[in-house]
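A closer look at the structure
Now for the letters of each chain:
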Amino acid sequence: MIEKKILEAAAKGIKQLYHQEIGPDKIGIEKTKKNIKGDFTLLIFPFAKFSRKSPETTAHEIGEFILESLSEIKEYNVIKGFLNISLKTDFWLDFISENAFRQEYGFHTLRMDSPVLIEYSSPNTNKPLHLGHIRNNLLGFSLSEIARANGRNVIKINLINDRGIHICKSMLAYQKWGANETPDSSGLKGDHLVGKYYVLFDQQNKMEIKDLMEKGLTEDEAAKQAPLILEAQEILRKWEARDKDIIQLWKTMNAWVYEGFRETYQSLGVDFDKIYYESETYLLGKKLVISGLEKGVLVRKEDGSIWADLREDGLDEKLLLRSDGTSVYMTQDLGSAQLRYTEYHPSEMIYVVGNEQNYHFDVLKRVLKKLNKGYADHIFHLSYGMVELPHGKMKSREGTVVDADDLIGEMIATAESTTRELGKANEFTEDEAKKLFRAIGLGALKYFILKVDPKKNMLFDPVESIDFNGNTGPFIQYTFARIQSLLKKGMDTGFSFQSFKVDDIFLLDQEKNLIKIIYQFPAIINEAWAELSPAVIANYSYELAKEYNQFYQEVPVLKEEEDRKIIFRLALSSFTGQVIQNAMKLLGIDVPEKM
RNA sequence: GGUCCCGUAGCUCAGUUGGAUAGAGCAACAGCCUUCUAAGCUGUGGGUCGCGCGUUCGAAUCGCGCCGGGAUCACCA
């Protein structure tokens, strides 16, 4: 790319002028600010030391050198220590000619090297998905797309948490009060039906605890002695002993939940290449821990429990195997990491998991390192912040969760009413209209979630967040739809891209700014991948769409223009549309042709 | 209390390896539909980048110390 050439020329210039070896990558380059003349800017301040001249003079000398050594450069100017370089119009015209009709502009072709594993979603099968899961799923899916665009062989993994005491709680409540209710008989989605019993368990359990406390027990004692908890624990024991009835119930209820999840995943447009079930993998880590004990990197205490001592790393001791020999969460994660490593030999293993588990992943990596597993260094925890509501946090017990299915439904309904109010759905068939409302509603939701830096906590106001104006998904979709409409009109009027050839066409400043933003796209995809942040793509898309809208405003009526100018503008519109489409693909957002 | 993360306009968020006058949207106000989609565009007002010190040509960005908010520190997952 041209930036590289400029940097190399600058490095050469510095060497020749001031006899200093500077790596091209050590020189600062950036896109020139909007209101200043130039395309790229070099930061010359640091080299004033070597030249022993003022930054201005130094910049002029280097600028002169680059101008002479690179044919692409038209001119340069200097402001303080900023060397602003303008490229020849031909450079930008060539760029347009070469790329304007490349469908996959910005995307690397697929290389089949060792895969990247991306785990996301990882739901529990005792309740439906909520807003927090939505952030997880969208991040995981988008990140997978970004990795693919960067040429990686991506395996999307879902590790389903289908066993444990929390699952037994909803099973118990169903046994007691379910009265053979099914999704069909109740009209409830399977995951919601199971979730109903999980909540019921919690309510009943709380009442029991309250009663016991009134009889004089402490809260801790009450929580441990409540009959329902004891019964749930009994179910867990039976489950582990493969009790026929319990296993049957477990299978039935999980099947309901999976059917419910399937629908929600489909709505969100996310999918997986490999599904692991914790019920099948939860016993795996033990061997790893035992071997660590034999190698002497782990320690056994008097009661028989096994620990990792991480105090030298500034952390605490961490339990890996209980005194009764059963495994804990960490044991399971060690096992599942080893499993997926031996199955795929990935170059990277990414886990999309909330930031409340930062400590867990820190420990996981350190323990794997102690066990001498080289892949520990290739584990990345994409830690994302919580989604907060205006009136505090989401707590399932207090009924303040925002349910994923409800939210999706509301987004679509709002998209529908807004679209109808604007009178935009009139020309659509019922089917087309339905598809459109889905695309817009989900586009708004996805963009809203993804545009925020993953590591930050974010605020979601269910009322105010449903907006289709300004920095939103629908704005970008709308821009795309208008471009398609413009292209169609152009074609109808008889312009053909067949004859598209840019040579001496004068570029307006406005257009050039748009072209420069498009030019950046491949670099943006890279950056998003390096930072594991779809937000980079989202914010870029908005900048592009906004710039295009300004450009669009300037485009005069087609028929009043001379032909080649029109063709150039149509080509530029087409190119912009292509880039918008590609960017939206990376975010998992559909772009309707018409809206 | 230990560790980690966050703090930018009234609100929600951008801000590239430290760079030029810190940017968008929402909300408020004023304009623009006889022409390719007004879910748009143009303009106005709105800032002690939490506070202080330091590093240097230059700090929202890096370092240290405070203040505020969050997460986590279970023989739970």
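The structure we're discussing is the one just above.
Nothing here was measured: the structure is a model prediction, and the numbers come from that model. (Residues numbered from 1 in each chain as written. Chains lettered and ligands numbered in written order. Predicted model: local features only at pLDDT ≥ 70, side-chain atom pairs only at ≥ 80, totals over all residues. Heavy atoms only, no water.)

**Remarks on the overall build of chain A**
Secondary structure assignment for chain A yields 22 helices and 14 strands. Taken over the C-alpha atoms alone, chain A extends approximately 85 × 65 × 45 Å along its principal axes. Within chain A, contacts between residues at least 6 apart in sequence are counted, and of these 75% link residues at least 24 apart. When the accessible surface of chain A is split by element, carbon and sulfur atoms take 50% of a total near 28900 Å². Charge-centre separation for chain A: the mean point of 77 positive side chains lies 3 Å from the mean point of 88 negative side chains. (Helix = DSSP H or I, 4+ residues; strand = E, 2+ residues; numbered from the N terminus. Contact = heavy atoms within 4.5 Å. Areas by Shrake-Rupley, 256 points an atom, 1.4 Å probe, with all protein chains shown as cover. Lys, Arg positive; Asp, Glu negative; His and termini not counted. Charge placed at Lys NZ, Arg CZ, Asp CG, Glu CD.)

**What to know about the nonpolar core**
Ranked by size, the top nonpolar core spans 149 residues in total, and within it Ile6, Leu42, Ile66 and Leu83 carry the most contacts. Counting residues per element, this core draws most heavily on helix α22 (residues 563-587), which supplies 13 residues. Apart from residues no more than four positions distant in its own chain, Ile6 is found in contact with Ile29, Phe40, Leu42, Ile66, Leu70, Ile73, Ile85 and Leu87. Counting residues in hydrophobic clusters, the runner-up holds 30 residues, among them Ile155, Leu320, Leu334 and Ala337. (Core = buried A, V, L, I, M, F, W, Y, C linked by side-chain atoms within 4.5 Å. Buried < 20%, exposed > 50% of the residue type's maximum accessible area, 1.4 Å probe, protein only.)

**A look at the pairing of strand β6 (residues 154-160)**
Along β6, 7 of the 7 residues are buried, which leaves the element largely enclosed by surrounding structure. Side chains of β6 alternate between two faces, with Val154, Lys156, Asn158 and Ile160 and Ile155, Ile157 and Leu159 buried alike. Bridge count between strand β5 (residues 116-119) and β6: 4 bridges; the pairing is parallel. Looking across to β6, one finds that Val116 is bridged to Val154. Note that the unit made of β5, helix α5 (residues 131-149) and β6 has a crossover that is right-handed. Sheet analysis places β6 next to strand β7 (residues 274-277), joined by 4 bridges and oriented parallel. Residue pairing for β7: Asn158 is matched across the bridge by Ile275. (Pairing = 2+ DSSP bridges. Right-handed = clockwise from strand over helix to strand, strands pointing away.)

**Considerations on the sheet that holds strand β1 (residues 29-31)**
Read from one edge to the other, the open sheet built from 4 strands follows the order β1-β2-β4-β3, with strand pairing classed as antiparallel. Of all strands in the sheet, those bounded by a partner on one side alone are β1 and β3 (73-79). For this sheet, the mean angle separating the axes of adjacent strands, direction not counted, is 25°. Two strands pair when backbone bridges link them, and strand β2 (residues 40-43) and strand β4 (residues 82-87) are joined in this way by 4 bridges, in the antiparallel orientation. Counterpart to Leu43 in the pairing with β4 is Phe82. In the packing of helix α3 (residues 55-69) onto the sheet, the strands contacted are β2, β3 and β4, and the crossing angle to β3 comes to about 175°. (Axes fitted to C-alpha atoms, helices over the stretch in contact; angles between N-to-C directions.)

**With respect to helix α20 (residues 521-530)**
Along α20, the positions that sit buried rather than exposed are Phe521, Pro522, Ile524, Ile525, Ala528 and Trp529. Burial along α20 is one-sided: seen end-on, the buried residues are contained in an arc of 160°. Following α20 by one or two positions, Leu532 adopts a phi angle in the positive range, close to 50°. (Arc of directions from axis to C-beta.)

**Quick word on empty space enclosed by the protein**
Across all of its chains, the model carries 1 cavity of 30 Å³ or more by this definition. Around the largest cavity, the lining residues are Thr125, Ile167, Ser170, Met171, Val194, Trp250, Met253, Asn254 and Val257. Looking at the lining of the largest cavity, the elements with two or more residues in it are α6 (165-177) and α11 (244-268). Sort the elements by how many residues they give to the lining of the largest cavity and α11 lands first, with 4 residues. In terms of residue class, the lining of the largest cavity is built from 6 nonpolar, 3 polar and no charged. (1 Å grid on protein atoms, 1.4 Å probe; cavity = no way out; pocket = protein on both sides within 12 Å on 5 of 7 lines; lining within 4 Å. Points joined across faces, edges and corners; volume = space filled by probe spheres on them. Nonpolar A, V, L, I, M, F, W, Y, C, P; charged D, E, K, R; others polar.)

**Here we look at the protein's contact with RNA strand B**
RNA strand B sits among 63 residues. The nearest are Phe82, Asp303, Arg482, Ser485 and Met595. Taking the atoms of RNA strand B that fall within 4 Å of the protein, sugar and phosphate contribute 58% of them. Separating a sugar or linking oxygen of RNA strand B from a side-chain N or O atom of Asn161 is a distance of 3.4 Å. Here a base nitrogen of RNA strand B sits 3.0 Å away from a polar atom, N or O, in the side chain of Ser323. Going through the elements one at a time, β1, β2, β4, β14 (458-459), α18 (473-492) and α21 (534-554) are the ones with two or more residues in the surface near RNA strand B. For the surface near RNA strand B, the residue count by class is 29 nonpolar, 17 polar and 17 charged. (Near = heavy atom within 4 Å. Polar contact = N/O pair within 3.5 Å; in protein donor to acceptor, adjacent residues only side chain to side chain.)

**Some details on the side chain of Asn126**
Within the secondary structure layout, Asn126 lies in the loop between β5 and α5. Leave out the neighbours within four places in its chain, and Asn126 touches His166, Ile167, Ser170, Val194, Gly195 and Tyr198.

**Topic: the sheet that holds β7**
Read across the sheet, 5 strands follow the order β7-β6-β5-β11-β12 without closing on themselves; strand pairing throughout is parallel. The strands lining the two open edges of the sheet, one partner per strand, are β7 and β12 (379-384). Averaged over all pairs of adjacent strands, the angle between their axes in this sheet comes to 25°, without regard to strand direction. Relative to strand β11 (residues 348-354), β5 is paired through 4 bridges, and the arrangement is parallel. Across the sheet, the residue bridging to Ile118 is Ile350, located in β11. Lying on the sheet, helix α15 (residues 358-370) is in contact with β11 and β12; it crosses β12 at an angle near 175°.

**Notes on the packing of aromatic side chains**
Within this structure, the stated rule accounts for 27 aromatic pairs. Plain terms: the ring middles of Phe95 and Tyr519 are 5.1 Å apart, the flat faces sit at 75° to each other, and that makes the pair edge-to-face. Of this pair, Phe95 sits in helix α4 (residues 89-99) while Tyr519 is found in helix α19 (residues 509-519), placing the two residues 424 residues apart along the sequence. Residue Phe95 shares its accessibility class with Tyr519, and that shared class is buried. A network of ring pairs unites the aromatic residues Phe40, Phe91, Trp92, Phe95, Tyr105, Tyr519, Phe521, Tyr540 and Phe575 as a single cluster. Over the ring of Phe428 we find Lys594, and its NZ or CZ is 4.9 Å from the ring centre. (Phe/Tyr/Trp six-rings, centres within 6.5 Å; stacked < 30°, edge-to-face > 60°. Lys NZ or Arg CZ within 6 Å of the ring centre and 35° of its normal.)

Read these as spatial facts, not as claims about activity.
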